[in-house]
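What follows is the residue order along each chain.
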Amino acid sequence: LEQTWIGRSLSNLLECLKGKYALDPSKKVMIRVLSRIADVLEGHTDSIRPDQTYTLDQIAEKELRMWKHKRHLLRLHGFMDDDERTDRADQAKLFMSLGGIGVIREALSTLSIRDRARKMENDFSKASS
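Remember, it's a predicted structure, so these values are computed and weren't measured experimentally. (Residues numbered from 1 in each chain as written. Predicted model: local features only at pLDDT ≥ 70, side-chain atom pairs only at ≥ 80, totals over all residues. Heavy atoms only, no water.)

Trainee: How would you explain the overall build of the protein if you had to name every residue and give the values?
Mentor: Scanning the protein for helices and strands turns up 7 helices and 0 strands. Counted from the first residue to the last, the protein has its helices and strands arranged as α-α-α-α-α-α-α. Counting all 129 residues of the protein, 29% fall into the buried class. When contacts within the protein are restricted to residue pairs at least 6 apart in sequence, those whose partners lie at least 24 apart make up 71%. For the protein, the accessible surface area stands at approximately 9,000 Å², while carbon and sulfur atoms represent 58% of it. (Helix = DSSP H or I, 4+ residues; strand = E, 2+ residues; numbered from the N terminus. Buried < 20%, exposed > 50% of the residue type's maximum accessible area, 1.4 Å probe, protein only. Contact = heavy atoms within 4.5 Å. Areas by Shrake-Rupley, 256 points an atom, 1.4 Å probe, with all protein chains shown as cover.)

Now the structure itself:
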């Protein structure tokens with residue numbers, strides 16, 4: 001699903017990371033979803049994707065290229081059409097309005113870390129009241 005046009009919706013992808021049925025952070029599908037979120041925010045085009053879905057190894061190689069080559073993203077933006085540019089801007093705004101960074105942080109945190117963070121937030125809230 002994350003490798004389809006519907007999978008470009010950061011709202012849909014972030015929902016996979018929240019709640020009782022959130023993806024397991026230790027499973028491969030979590031990497032695929034996080035990679036897709038990054039692809040949308042980075043401006044990867046869907047127009048030059050292969051006919052079949054990417055394997056986990058292909059996703060890892062694609063992510064590695066992004067860190068190795070500084071001009072990688074600039075080159076990618078040249079392949080985007082106007083609809084993708086508009087969608088990218090809209091998705092970035094949506095990501096921020098949905099607190100995307102916090103959703104990802106929460107999804108990747110262990111339960112004990114989350115419990116400690118909530119306790120610290122509650123303590124801070126009480127202290128500042």
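Trainee: Pulling in residues and values, what's your account of the nonpolar core?
Mentor: Across soluble globular proteins, nonpolar side chains have a tendency to be buried as a group. Judged by nonpolar contacts, Leu10, Leu13, Leu14, Leu17, Met30, Val33, Ile37, Val40, Phe95, Val103, Ile104 and Ala107 together constitute the single largest core of 12 residues. At the level of secondary structure, the elements contributing two or more residues to this core comprise helix H1 (10–15), helix H2 (28–42) and helix H6 (100–108). With 4 residues, the top contributor of residues to this core is H2. For Phe95, the contacting residues outside a window of four places in its chain are Leu10, Leu14, Ile37, Leu41, Gly100, Ile101 and Ile104. (Core = buried A, V, L, I, M, F, W, Y, C linked by side-chain atoms within 4.5 Å.)

Trainee: Please set out the pattern of salt bridges residue by residue, giving values where relevant.
Mentor: According to the stated counting rule, one finds 4 salt bridges in the structure shown. A salt bridge links Arg85 to Asp82; its shortest N-O distance comes to 3.7 Å. With a gap of 3 residues between them, Arg85 and Asp82 both fall in helix H5 (residues 82–97), about one helical turn apart. The class of Arg85 is partly exposed, set by a relative accessible area of 39%. Under the relative-accessibility criterion, Asp82 is labelled exposed at 58%. (Salt bridge = Lys/Arg side-chain N within 4 Å of Asp/Glu carboxyl O.)

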